[in-house]
Amino acid sequence: IEHEQVDGRFGKVIIASGDGIFAPACRRLRSCGVYVEVLSLPDRLSGELATSCSNVRYLTLSEFEAGNV
C-alpha cells in the first residue's frame, strides 16, 4: 500500500483483514481522501484498525467460510 501510490489511483479501498498492521496505511489513505472499508470477523478486528478506517463491515463465520464476501 505504501509504495503503490494507491491514494492517487483509487478513491475507495477495501481491506479484508482485521490485522492492526494495516492501521497506519488506513490512516494515511484517509488523510489523502480515500474511503477505506475493512471487512473482518468481529472477534478478529484490531481496535486500532477499526478506528483508523472509514467503515467496518463485519462478516459472519458462515459468510467467510462460504466465500460470500
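Up top you'll find the structure we're talking about.
Calculation notes
Residues numbered from 1 in each chain as written. Predicted model: local features only at pLDDT ≥ 70, side-chain atom pairs only at ≥ 80, totals over all residues. Heavy atoms only, no water. Buried < 20%, exposed > 50% of the residue type's maximum accessible area, 1.4 Å probe, protein only. Helix = DSSP H or I, 4+ residues; strand = E, 2+ residues; numbered from the N terminus. Arc of directions from axis to C-beta. Contact = heavy atoms within 4.5 Å. Salt bridge = Lys/Arg side-chain N within 4 Å of Asp/Glu carboxyl O.

A. Spotlight on helix α2 (residues 23–31). What α2 keeps buried is the set Ala23, Ala25, Cys26 and Leu29. Across the axial projection of α2, the buried residues extend over an arc of 160°, all falling on one side. Residues of α2 that are buried in the fold lie against α1 (6–9), β1 (12–16), β2 (35–40) and α3 (47–52). Looking one or two residues past α2, Gly33 carries a phi angle of roughly 90°, positive in sign.

B. Up close: the pattern of salt bridges. Across all of its chains, the model carries two salt bridges by this definition. For the salt bridge of Arg28 with Asp7, the shortest nitrogen-to-oxygen distance reads 3.9 Å. A residue pair is termed long-range when its members are at least 10 positions apart, and Arg28 in helix α2 and Asp7 in helix α1 qualify at 21 residues. With relative accessibility at 26%, the residue Arg28 sits in the partly exposed group. Here Arg27 ties to Glu48 by a salt bridge, and the two come within 3.1 Å at their closest N and O atoms. Taken as a pair, Arg27 in helix α2 and Glu48 in helix α3 lie far apart in primary sequence, 21 residues in all.

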